[in-house]
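Listed here are the chains, written in short residue letters.
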Amino acid sequence: MKWRKISLKKRVSVKLASSALFSKETPEGAAFAGSMQLLAGVKLCTGRHLTNHPHFEDKWLRERTRQVYQIYGRRQPADVHKILTEMGASYIILENSICYVPSDDPCGLGHLVDMDNGYYAPSGGAPMTGPKFCDEIRHGNPPYRRYFKPVFNNRTFRVYRVL
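Residues numbered from 1 in each chain as written. Predicted model: local features only at pLDDT ≥ 70, side-chain atom pairs only at ≥ 80, totals over all residues. Heavy atoms only, no water.

1. Structural notes on helix α3 (residues 59-68)
(1) Moving on: If you check which residues of α3 are buried, you get L61, R64, T65, Q67 and V68. Looking straight down α3, one finds its buried side chains confined to an arc of 155°; they lie on one side.
(2) Moving on: Here the buried face of α3 lies against β1 (31-33), α2 (36-46) and α4 (77-87).
(3) Moving on: The backbone nitrogen of W60 lies 3.3 Å from a side-chain oxygen of the residue at the head of α3, namely D58. (Buried < 20%, exposed > 50% of the residue type's maximum accessible area, 1.4 Å probe, protein only. Helix = DSSP H or I, 4+ residues; strand = E, 2+ residues; numbered from the N terminus. Arc of directions from axis to C-beta. Contact = heavy atoms within 4.5 Å. Polar contact = N/O pair within 3.5 Å; in protein donor to acceptor, adjacent residues only side chain to side chain.)

2. Topic: the sheet that holds β1
(1) Moving on: Across the sheet, which stays open at both edges, the 5 strands sit in the order β2-β1-β3-β5-β4 with mixed pairing between neighbours. If you trace the sheet from one side to the other, it starts and ends with β2 (49-50) and β4 (148-153), each paired once.
(2) Moving on: Two elements, β1 and strand β3 (residues 91-95), share 2 bridges in a ladder whose sense is parallel. Within β3, the position partnered with F32 by the bridge is Y91.
(3) Moving on: On top of the sheet, α2 reaches β1, β2, β3 and β5 (157-162); it is set at about 125° to β3, its chief contact.
(4) Moving on: Each of β1, β3, β4 and β5 touches α4; the most contacted strand, β4, lies at about 80° to it. (Pairing = 2+ DSSP bridges. Axes fitted to C-alpha atoms, helices over the stretch in contact; angles between N-to-C directions.)

3. Things to note about the nonpolar core
(1) Moving on: In this structure, I71, L84, I92, L94, F133, I137 and F148 are the most contacted members of the largest nonpolar core, which totals 23 residues.
(2) Moving on: Ranked by residues supplied to this core, first place goes to α4 with 4 residues.
(3) Moving on: Ignoring anything within four residues of it in the chain, the contact list for I92 reads A33, I71, L84, F133, I137, F148, R158, V159, Y160 and V162.
(4) Moving on: Membership of the second largest hydrophobic core comes to 11 residues, among which are F32, L38, L39 and L50. (Core = buried A, V, L, I, M, F, W, Y, C linked by side-chain atoms within 4.5 Å.)

4. Quick notes on the state of the cysteines
Here is the idea: a disulfide is a covalent bond, and it sits between the sulfur atoms of two cysteines.
(1) Moving on: In total, this model carries 1 disulfide according to the counting rule given.
(2) Moving on: Here C99 connects covalently by a disulfide to C134, the sulfurs 2.2 Å from one another. Its torsion about the S-S bond being 95°, the disulfide of C99 and C134 is classed as right-handed. Of this pair, C99 sits in helix α5 (residues 96-99) while C134 sits in helix α7 (residues 133-136), and the two are 35 residues apart along the sequence. Both residues of the pair, C99 and C134, count as buried. (Disulfide = S-S within 2.5 Å.)

5. Notes on the pattern of salt bridges
(1) Moving on: The final tally for this structure, using the stated rule, is 6 salt bridges.
(2) Moving on: Within this structure, E63, R66 and D116 form a network of salt bridges that share partners. (Salt bridge = Lys/Arg side-chain N within 4 Å of Asp/Glu carboxyl O.)

6. What to know about the pairing of β4
(1) Moving on: Relative to β5, β4 is paired through 5 bridges, and the arrangement is antiparallel. Residue pairing for β5: N153 is matched across the bridge by R158.
(2) Moving on: Count of turn residues in the β4/β5 antiparallel hairpin: 3 residues.

7. Looking at α2
(1) Moving on: Within α2, the full set of buried residues consists of L38, L39, G41 and V42. Here the buried residues of α2 occupy an arc of 155° about the axis, which is enough to place them on one side.

8. Quick word on the packing of aromatic side chains
(1) Moving on: Following the criterion strictly, the structure yields 4 aromatic pairs and no others.
(2) Moving on: An angle of 15° between the planes, with centres 5.1 Å apart, marks the rings of F32 and Y91 as stacked. Taken together, the residues span a long stretch of sequence, with F32 in strand β1 and Y91 in strand β3 at a distance of 59 residues.
(3) Moving on: On the basis of relative accessible area, F32 is assigned to the buried category, the value being 0%.
(4) Moving on: Consider the rings of F133 and F148, whose centres lie 5.3 Å apart with planes at 70°: the pair is edge-to-face. Placement of the pair is F133 in helix α7 and F148 in strand β4, with a sequence separation of 15 residues. (Phe/Tyr/Trp six-rings, centres within 6.5 Å; stacked < 30°, edge-to-face > 60°.)

What follows is the structure in structure tokens.
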């Protein structure tokens, strides 16, 4: 029963985000970047363009998804902006449930991205410091405002236009 409630809550959140964000507020040809599980719902509900399509998989797509997932790692806004613009992303959708997982959780996506980027020693050494992109962008500091504009948020998602 609990799983059903969570699933329903997530579907309602996706539907609300879809109706508010994808109606008249974004150009029809806009491409969206985000987690694979979220983009599956975006594609299903809206039919919009995606940077990393969740319904097929190959080596090229794995690399593309690894690059999109830099939004959850310790990356500078200019680096993330470059990655996303090279992919043709118009918007990024950040999921708070992924972003706010503690950095020391070895199963969290942010930790895995940071490990892949060399921020952790293979033997489990001390992590490098610095903010996670997904967390820091919400504060709207100048380095982030230069590249991204907030367009939507609720308790579950935050959406930014790639400038």
